[in-house]
Structures are given as C-alpha cells and as structure tokens.
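Next come the chains, spelled out residue by residue.
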Amino acid sequence: QRICVTPQCVSQNNKADTLHLQTRGSKFVKFQELKLQELPTQVPMGHVPRSMSVLCRGELTRIATPGEIVTIDGVFLPQRLAESGYRALRAGLISTTYLEAQHIHVHKKSYEQDAISRHLSLSPHQRQLLEQTIQTIAHSQDPIGKLSSSIAPEIYGHADLKRALLLQLVGGITRKLPDGMRIRGDINLCLMGDPGVAKSQLLKHVASIAPRGVYTTGKGSSGVGLTAAITKDTTTGEMALEGGALVLADLGICAIDEFDKMDESDRTAIHEVMEQQTVSIAKAGIVATLNARAAVLAAANPLYGRYHLGKSMSENVNLPNSLLSRFDLMFLILDHADVEKDMALARHVTFVHQNEGLDVVRQADEDEDED
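Described in the following lines is the structure provided in the data block.

Each value, and the rule that gives it
- Counting of residues starts from 1 at the beginning of each chain's written sequence and follows it residue by residue.
- Thresholds applied to this predicted model are a pLDDT of at least 70 for local features of residues and 80 or more for the giving and counting of side-chain atom pairs; totals over whole chains, interfaces and linings are not thresholded and use all residues.
- Hydrogens and waters are ignored; side-chain quantities use all the structure's heavy atoms.
- Secondary structure elements are defined from DSSP: runs of H or I of at least 4 residues count as helices, runs of E of at least 2 residues count as strands, and each element is numbered from the N terminus.
- To estimate the expected span of a helix, count its residues, drop one, and scale the result by 1.5 Å.
- The buried label goes to any residue with under 20% of its type's maximum accessible area, the exposed label to any with over 50%, and the partly exposed label to all in between, with areas taken from a 1.4 Å probe on protein chains only.
- Each patch is built from residues that are more than 30% exposed by relative accessible area and take part in no salt bridge. Like charges join if they lie within 9 Å; nonpolar side chains (Val, Leu, Ile, Met, Phe, Trp, Tyr) join within 5 Å.
- Exposure was quantified through the Shrake-Rupley algorithm and a 1.4 Å probe, taking into account, for residues, occlusion by the shown protein chains and nothing else.
- We define a salt bridge as a contact between a side-chain nitrogen of Lys or Arg and a carboxyl oxygen of Asp or Glu at a distance within 4 Å.
- Neither His nor the chain termini are counted; the positive set is Lys and Arg, and the negative set is Asp and Glu.
- Charged side chains are reduced to one point each, which is NZ for Lys, CZ for Arg, CG for Asp and CD for Glu.
- One requirement defines pairing of two strands: DSSP has to find at least two bridges between them.
- Orientation is described by axes fitted as lines to C-alpha atoms, over the contacting stretch for helices, and by angles from 0 to 180 degrees between their N-to-C directions.
- Contacts between residues were defined by any pair of non-hydrogen atoms, one from each residue, lying within 4.5 Å.
- Buried Ala, Val, Leu, Ile, Met, Phe, Trp, Tyr and Cys residues that are joined via side-chain atoms within 4.5 Å together make up what is termed a nonpolar core.
- Throughout this description, any angle smaller than 35 degrees is read as roughly parallel, any larger than 145 degrees as roughly antiparallel, any in the 65 to 115 degree range as roughly perpendicular, and the remainder as oblique.
- Note on convention: the crossing is left-handed when the near helix lies turned anticlockwise from the far helix by less than a right angle, right-handed when the turn is clockwise.
- Ten residue types, Ala, Val, Leu, Ile, Met, Phe, Trp, Tyr, Cys and Pro, are classed as nonpolar, four, Asp, Glu, Lys and Arg, as charged, and the remainder, Gly among them, as polar.

Description of helix α6 (residues 159-170)
(1) Moving on: The end-to-end C-alpha distance of α6, which contains 12 residues, comes to 17 Å, matching closely the 16 Å that a straight helix rising 1.5 Å per residue would cover.
(2) Moving on: For α6, the complete set of buried residues consists of L161, K162, A164, L165, L166, Q168 and L169.

What to know about a negative patch on the surface
(1) Moving on: Where like charges cluster on the molecular surface, the negative patch consists of D335, D338, E340 and D342.
(2) Moving on: Tracing the sequence through the fold places D342 in helix α13 (residues 339-355).

Concerning the sheet that holds strand β5 (residues 70-80)
Across a sheet, paired strands are connected by hydrogen bonds in the backbone, their directions being either parallel or antiparallel.
(1) Moving on: Taken together, the 4 strands give an open sheet; going across it, the order is β3-β4-β6-β5, and neighbouring strands pair in mixed fashion. Across the chains shown, the open sheet's two edge strands, defined by having one partner strand only, are β3 (31-37) and β5. Pairs of neighbouring strands in the sheet enclose a mean axial angle of 35°, with direction left out of account.
(2) Moving on: The pairing of β3 with strand β4 (residues 51-57) spans 7 bridges and is classified as antiparallel.

Focus on the environment of L297
(1) Moving on: Examined against the element boundaries, L297 turns out to sit in strand β16 (residues 295-300).
(2) Moving on: We classify L297 as buried; its relative accessible area is 0%.
(3) Moving on: In sequence terms L297 and G185 are 112 residues apart; their C-alpha atoms lie 14 Å from each other.
(4) Moving on: Other than its neighbours up to four places away in sequence, L297 contacts L165, Q168, L189, L191, L203, V206, I253, C254, A255 and I256.

Comments concerning the nonpolar core
(1) Moving on: Among the nonpolar cores identified, the biggest contains 29 residues, and F259, I270 and F327 are the most heavily contacted of them.
(2) Moving on: Every element with two or more residues in this core is listed here: β9 (189-193), α9 (245-248), β13 (253-257), α10 (264-275), β14 (278-283), β16 and α12 (321-324).
(3) Moving on: Once you skip the residues sitting within four places of it in the chain, I270 turns out to touch L226, L246, I256, F259 and M262.
(4) Moving on: Counting residues in hydrophobic clusters, the runner-up holds 22 residues, among them A152, L161, L191 and A207.

Regarding a nonpolar patch on the surface
(1) Moving on: Together, Y156, L345 and V349 line one region of the surface with nonpolar side chains, adding up to about 240 Å² of accessible area.
(2) Moving on: Locating L345 in the fold gives a position in helix α13.

What about the pattern of salt bridges?
(1) Moving on: Scanning all chains against the criterion turns up 11 salt bridges.
(2) Moving on: Between R293 and D250 there is a salt bridge, with its nearest N and O atoms 2.8 Å apart. Of this pair, R293 sits in the loop between β15 (286-291) and β16 while D250 sits in the loop between α9 and β13, and the two are 43 residues apart along the sequence.
(3) Moving on: For R293, a relative accessible area of 24% gives the class partly exposed.

Notes on the packing of α6 against helix α7 (residues 199-209)
(1) Moving on: Between α6 and α7, whose axes approach to 11 Å, the crossing angle comes to 30°. Here α6 is positioned roughly parallel relative to α7, judged by the angle of their axes. Relative to α7, the crossing made by α6 is right-handed. The residues of α7 that touch α6, namely those facing L161, L165 and L169, are L202, V206 and I209.
(2) Moving on: In terms of residue class, the contact of α6 with α7 is built from 6 nonpolar, no polar and no charged.

Next up, the structure:
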C-alpha cells in the first residue's frame, strides 16, 4: 500500500489516497534472477566459493543456462531485506546486494552456436583456411588418431583410451523412432585401473574442454546432488527444483571420479540417467521429469586397491552388473612393471617439466621448418 504524498491528495478530506497499480496501462517486462558462483580456479586459498544474485530484464533473460561460464557487466546495487515490519526493524541499515545486469557474455558455447558465431566473425580468407585445414585432417591417413593425440598430450600413452574420449566428446546420433521411442546417442565410458595411471587427470581435462562439462567425485556427491533437489525459493517462498550435476551437464559430459566409493543408494540415481537420459522427481508435491542428456565418464579403482590378476573381472570390480551393462566401453588400465615402459614414461615426464608442456616444443619445431 503506497500513500500519495501530493498536497492535493493530503488536503482533500484530511485523508491520503492510496496508489493502485493499473494493470491495463502497464507494460510487462521479462525478468529472471540468476545465481552467480565463483569459478573453482579463482577461489582464494581456504575459502568457500562466493555467490551473488544477478537480476536480468528484457532481452538479457534466458541467455545463460545453469552450468555455463559467463562474464556479466552490470551495476552493483544494495537491496533492503524488507520494506516494513519486524524484519526491517531487526535488519536496520543492513542490506543485501545484487547485480543489475547490462550485458552477458557466455564463454563456452555449444558446437552449433560456436559454428554459427565463428562463421559470422571470420573473414572469407580465414574461413577458407579453416575449411582447408579441416579437409586436410579429414583426408589424412588416420584423422581420428591425429585428433585424439591432441587430448591431454602431456599424459603418456593411452592411445586407444584417447580415441574413445574423442568419440565421446563428439557423441553419436540420437535416434527418434516413428513410434516415439528414443535411442540415446551418447557414449558412456568407464575407466577401471590401478592407482597412478592418470585417470583423474584425463577426467578433468575432458570436463574442461567439453562445451558443457561437470566434474564431481563419488564420495563428495549424494544422490540428490547428482539428480535434483527441492529448495525453497527466497523471493516467492515456494518450493522449487534445483538441478544437480547430471542435469547441469545436459548435452555435455558428466565426469564422476572415485565411482566405486559412492554409496549404493546414491549410485542407483545414475541408472535412469545412463539409459533413459532423464531424471524423474516426485517430491514435496512436485512431479517432474528433467532432461539429463549427458554422457557419463566414470573412473573407479578395483576392490583390492590394485587389480588382482588371480581373480576374475567381477571379483575385482566392486560395481553391480546392472550398472556395468549401461557402460558402452570399459577400459581396464593396468600398471605392469616393465623397465623399458617405465623409462619411456620417466623421459616423457621430465621432458614435459623441462619444456613447460608440449606446445612450446611444437612451436619451436614449426619455426625451424619455416627457416
């Protein structure tokens, strides 16, 4: 209730008129509230990632979706906790802050959006050079091998595994049959092996180069954290759905490390996602089905720490058969004691440390070739 403070209204009959909203004469604008969280790489040492509310109006709404990395320009403004009543009295001069968005730039685009933006931003000459490079790689002797060698080049070996990761990043074709049945096109991968064979490094690398990648560990995520949680909306006070890691990785890759250390009750949440690619929720009066068209990349250690060659595969792997059947590819990475292989690995590691990565050496080789 807003009271009109003009002298005419106040003096008239000694009572102030109230202002009413005229809905017919009003123009409605699109409105969206975002929750912005700090990137894990930019969190100060020993701190928890900070978050902030961002208000978007008009055409700025629906630009960013959950799980994307964005840069937002805007005005930093205070907001009172409550207009009146006991909460306002208790808060006093303390107020919360929010960001009034003016421009949103999304960093990682999907393959389709990236292709469109690149087509518009490149000059005809650059576009021709890009087309030539693609055609050269496509008609070379082993195009998949050439592309897969660019995935984590600092990690020695694992040629077959890198090919599989490349195919998972590209993904298959989702078939939709005339009767409405849907056959998934995403490839689910499981890496099982001894400790110290760079499984976690491969997972983190793939999650970072994928257009939408979410990295999580088995012990640190619950079933609700992977699928969806029911939360209370701060503005309206109603119950709202908040997507978990698998929902955030929709049309991307969800990398789950320490897969064998997950609780059995939490692991059952992944069964539906890996086959039907949906998350069904029936909690607190909310019945919903969320899309989770994510390719699952899991890494697990054997039951006895290292793989026991004297026992069968099912005895070594501490995972139920119903879950293993949902993985399209399973890689067993063993750390065999071999002097020559260990020496080659040691040389590769020292070479990478001496030259600060492999890109520096490649550039030097290219410069020599030009001379």
